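One letter stands for each residue in the lines below.
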Amino acid sequence: MSEAALTLEGWYALHDFRSINWAAWRAADDETRAVATDELQEFLSAWAADEESGKGSSTVYTVVGQKADFVMMHLRETLEDLNAIENAFNKTTFAQFTTKSYSYVSVVELSNYLGKDEDPMQNPQIVARLKPVLPKNQYICFYPMNKKRDLGDNWYMLSMDERKTMMRSHGMIGRSYAGKVKQIITGSVGFDDWEWGVTLFSDDALQFKKLIYEMRFDEVSARYGEFGSFYVGSLLTPESFEAMLKL
Ligand code: VOV
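What counts as what
Along each chain, residue indices are assigned from 1 in the same order as the chain's sequence is written. Whole-chain, interface and lining totals are the exception, using all residues; otherwise, since this is a predicted model, local features are given only for residues with pLDDT of at least 70 and side-chain atom pairs are given and counted only at 80 or more. Side-chain metrics rest on all non-hydrogen atoms present in the structure, leaving aside hydrogens and water. UniProt positions are given in the numbering used here, feature names are shortened, and annotations may be inferred rather than shown by experiment. Sites may look incomplete because water is not among the atoms; the donors themselves are N, O and S atoms within 2.8 Å of the metal, or within 3.2 Å for Na, K and Ca. The helix and strand labels rest on DSSP assignments: H or I over at least four residues marks a helix, E over at least two residues marks a strand, and numbering proceeds from the N terminus. Working definition of a nonpolar core: buried Ala, Val, Leu, Ile, Met, Phe, Trp, Tyr and Cys residues. They are joined through side-chain atoms within 4.5 Å. When a residue's accessible area, from a 1.4 Å probe over protein chains only, is under 20% of the maximum for its type it is buried; when over 50% it is exposed; and in between it is partly exposed. Between two residues, a contact is recorded if the distance between any of their heavy atoms is within 4.5 Å. To obtain each axis, a line is fitted to C-alpha atoms, and for helices this fit is confined to the stretch in contact; angles are then taken between N-to-C directions over 0 to 180 degrees. Every angle not falling under 35 degrees, over 145, or within 65 to 115 is termed oblique; those three ranges are roughly parallel, roughly antiparallel and roughly perpendicular. Should the near helix be turned counterclockwise from the far one by less than a right angle, the crossing is left-handed, whereas a clockwise turn marks it as right-handed. A pair of strands is treated as paired once DSSP finds two or more bridges between them. Near, as used in this document, describes a residue that has one of its heavy atoms within 4 Å of the molecule or strand being considered. We call two N or O atoms a polar contact when they sit within 3.5 Å, provided that within protein one can donate a hydrogen and the other can accept it, with sequence-adjacent residues counted only if both atoms are side-chain atoms.

Under an unreviewed UniProt entry, the protein chain has the name Coproheme decarboxylase and belongs to Paenibacillus provencensis. Annotation of the protein chain in UniProt includes, under Pathway (unreviewed entry), the sentence "Porphyrin-containing compound metabolism; protoheme biosynthesis." We quote the UniProt Function (unreviewed entry) comment for the protein chain here in full: "Involved in coproporphyrin-dependent heme b biosynthesis. Catalyzes the decarboxylation of Fe-coproporphyrin III (coproheme) to heme b (protoheme IX), the last step of the pathway. The reaction occurs in a stepwise manner with a three-propionate intermediate."

A.B. asks: If you had to explain the coordination of the iron atom of the ligand to someone new, which residues and values would you point to?
C.D. replies: In this structure, the iron atom of the ligand receives exactly one donor atom from the protein: H170 (NE2), at 2.0 Å. Tracing the backbone through its elements, the reader meets H170 in helix α5 (residues 160–175).

A.B. asks: Could you give me a rundown of the nonpolar core, with the residues and numbers involved?
C.D. replies: Core analysis: the largest hydrophobic core is formed by 19 residues, its most contacted members being W47, V60, F70, F89, F94 and F241. Elements represented by at least two residues in this core include exactly α2 (30–52), β3 (70–76), α3 (79–90) and α8 (238–245). Looking at this core element by element, the count peaks at 5 residues for α2. Residues within four places of V60 in sequence aside, it is in contact with L44, W47, F70, V71, M72, L235, L236 and F241. W11, F17, Y61 and V108 belong to the second-largest nonpolar core, a separate cluster that totals 18 residues.

A.B. asks: So what about the UniProt feature "binding site: Fe-coproporphyrin III" (unreviewed entry) in the protein chain? Which residues, and what values?
C.D. replies: Feature annotation in UniProt assigns "binding site: Fe-coproporphyrin III" (unreviewed entry) to the following positions: R129, Y143, P144, M145, N146, K147, H170, Q183 and S221. A stretch of 93 residues holds the annotated residues, and the largest C-alpha distance among them is 22.9 Å, long enough that they do not meet in one place. The residue K147 is located in strand β5 (residues 139–147) in this model. Other than its neighbours up to four places away in sequence, K147 contacts W155, Y156, M167, E195, W196, V220 and Y224. Here H170 falls in the partly exposed class, since its relative accessible area comes to 26%. With near-sequence residues (within four places) excluded, H170 lies in contact with M215, D218 and V220.

A.B. asks: Can you explain the packing of α5 against helix α6 (residues 206–216)? Please cite residues and give values.
C.D. replies: Look at α5 against α6: their axes get within 10 Å of each other, and the N-to-C directions meet at 155 degrees. Comparing their axes, α6 and α5 come out roughly antiparallel. The way α5 lies across α6 gives a crossing that is right-handed. Contacts from H170, I173 and G174 in α5 reach L211, E214 and M215 in α6.

A.B. asks: Tell me about the pairing of strand β2 (residues 56–62), and name the residues and values.
C.D. replies: The element β2 is largely enclosed, with a buried count of 7 among its 7 residues. Of the two faces of β2, both are covered, the one formed by G56, S58, V60 and T62 as well as the one formed by S57, T59 and Y61. Sheet analysis places β2 next to β3, joined by 7 bridges and oriented antiparallel. Paired with S57 across the bridge in β3 is L75.

A.B. asks: Report on the site of the ligand, specifying residues and quantitative values.
C.D. replies: The immediate surroundings of the ligand are formed by 24 residues, with S111, Y143, K147, H170 and S221 found nearest. In the environment of the ligand, an oxygen atom lies 2.8 Å from a nitrogen or oxygen atom belonging to the backbone of S111. At a separation of 2.9 Å, an oxygen atom of the ligand approaches a polar side-chain atom of K147. Broken down by secondary-structure element, the contributors of at least two residues to the shell around the ligand are β4 (98–111), β5, α5, β6 (181–187), β7 (196–202) and α6.

Now the structure itself:
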C-alpha cells in the first residue's frame, strides 16, 4: 500500500453560491428592499467583525455567467459555526430573494509533500496559512478537483517519492505566480463530491487562465487532474453589493 500524505487542517470552509431572483426583487416594495439591504449590510459587518477578532474570515464575490450571481466564502473554526452562518443568512429577508445554486464544504489543508524535517505547527507561517484571512483581491476563481484513480493512472497507488517529485514541479509553477495569484487549497474528501476545492485570488483575472493553463502541461494536472465547474467573479464590497442590488 502507498503511504498517505500527512495533512494539516485549519479552518473549515463553506463556499455558498447564490442566484438572485431578480423578478421577485423587482416586484418587492421599496420598504422590503430597504429592510433586506440593511440586514445584508449588518451581516457583512458581522462577518468583518468575526474576521477582526480572529474567529474566521469571510469574503463575497460576484459570479459572472448563469451558474450563480454571487458567492459567500466563509472560513470558521467548526462545521457548526459554518452551519450557524448559513442558517442565519437563510433567515434574512434578502435570502428570500435568493436561491442556492451550489455549495462546497471543505477544510483548509496543507500536505507534507514539500515539508521540512520540523514540527510544522511550530512554524508561524504554516499556522497562518491554515487559518488565513481571505484575500480581498479584485477577482476570485473557484473549482473543485480530484486526483485520478483510473487503473492506468492512479495517483493513490504512486509511491510517496513519485508524488513528491510531481508536487515539487507543481509548487515551482505555482511559485512563479507569486505576487500575482494566491491559492487556498481546501480538502474535501468525506465532506463534498470532489477531493479538493481550489480557490484562487488575483487582481488580474487573466492570471487565472495563464496559471491554470500552464499547470495543465504539468504531469500532476496533465495526467492526474480531474476538474469540476469553474466559477469566476469580482469582489463585492458592502458598497458594490448595495450598488449591484439597486434597481
Ligand atoms: C498560486 C499558485 C500555487 C502554488 C504556489 C501552489 C503550491 C502548492 C504546494 C507547495 C502544494 C503542496 C503542499 C501543500 O501546500 O499542500 C500544493 C498542493 C496542492 N495544490 Fe497547489 N499551488 C498553486 C496553485 C494550484 C492550482 C491552480 C491548483 C489546481 C490544479 C490545476 O491544475 O488547475 C492546485 C492544486 C493543488 C492541490 C489539489 C494540492 C493538494 C495536493 C495533494 O495531493 O495533497 N494548486 N500546491
